[in-house]
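Observations on the model geometry
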Amino acid sequence: MKKLIIIFISVVLAASFLCSCKKSKDDDLSRVYKMIADMDTYSVNAEIIVKGNRTTENYNVKQHFKYPDRYRIEVLSPAERKGKVTAYDGQYLWIYEPWIKQMHVIEKYKETEESGMFPGYFAGNLFTSEQADYEYKKFANIDCIAIKVKVPGGNAYRKWQILYISRKDMIPLKMEILDSKGNIAVTVYYKNFVYNDKIDDNIFSRDSVGKA
């Protein structure tokens, strides 16, 4: 009889634990969706590591984003790319390359590889994705909720995105982009994320990007 009571108590405790975990996860997901839905702008510094077949590229950028799709990315390092600016004003994509003092303009462009590495575009992917997976993970000893979605129009080299969001602060900390085999092709570390930052629309304009 005592053994049956112990087993019964164990089952009840396990069920309570599972319900508690599910509730906690549901609460976190609600907070994530609210954070994303209420995000009109942000600015962030990012370290981007791109793994190729033979080499690995590492560069640092500053990004500004304004809902729904305006953004500006300025390369801070390495030296040979420093000063390159890519900006989208809602109609035109402006790309300035300072080392050759050339300006490129694209109308009705498809999303660039650079823009797909940032939370603003991930948010759009999350809301339109038919499949999104969630799990708790640790990053730099920080409790995170990791959200995995398919890359729209992705290929074998860029198939999935996983965004790590701090459970405490609800800010993005890291993104991983996986290939079709589940290998990490790109890792992005976010620093100094400013949620709903005050951003002047002029930074997305052609005149602010550079002079050819």
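Below, the structure is looked at part by part.

About the cut-offs
Residues numbered from 1 in each chain as written. Predicted model: local features only at pLDDT ≥ 70, side-chain atom pairs only at ≥ 80, totals over all residues. Heavy atoms only, no water. Core = buried A, V, L, I, M, F, W, Y, C linked by side-chain atoms within 4.5 Å. Buried < 20%, exposed > 50% of the residue type's maximum accessible area, 1.4 Å probe, protein only. Contact = heavy atoms within 4.5 Å. Phe/Tyr/Trp six-rings, centres within 6.5 Å; stacked < 30°, edge-to-face > 60°. Helix = DSSP H or I, 4+ residues; strand = E, 2+ residues; numbered from the N terminus.

**Observations regarding the nonpolar core**
Core analysis: the biggest nonpolar cluster contains 39 residues, and Ile48, Met117 and Phe118 have the highest contact counts within it. In this structure Met117 touches Ile48, Val50, Tyr59, Met175, Ile177, Val186, Val188 and Tyr190, once residues within four positions along its chain are discounted.

**What to know about the packing of aromatic side chains**
Summed over the entire model, instances satisfying the criterion amount to five aromatic pairs. An angle of 15 degrees between the planes, with centres 5.3 Å apart, marks the rings of Tyr42 and Phe65 as stacked. Of this pair, Tyr42 sits in strand β1 (residues 41-51) while Phe65 sits in strand β2 (residues 56-66); the two residues are 23 residues apart in sequence, bridging distant segments of the chain. On the basis of relative accessible area, Tyr42 is assigned to the buried category, the value being 0%. Ring geometry for Tyr92 against Trp94: centres 5.7 Å apart, planes inclined by 45 degrees, an arrangement best described as tilted. The buried category is assigned to Trp94, whose relative accessible area is 13%.

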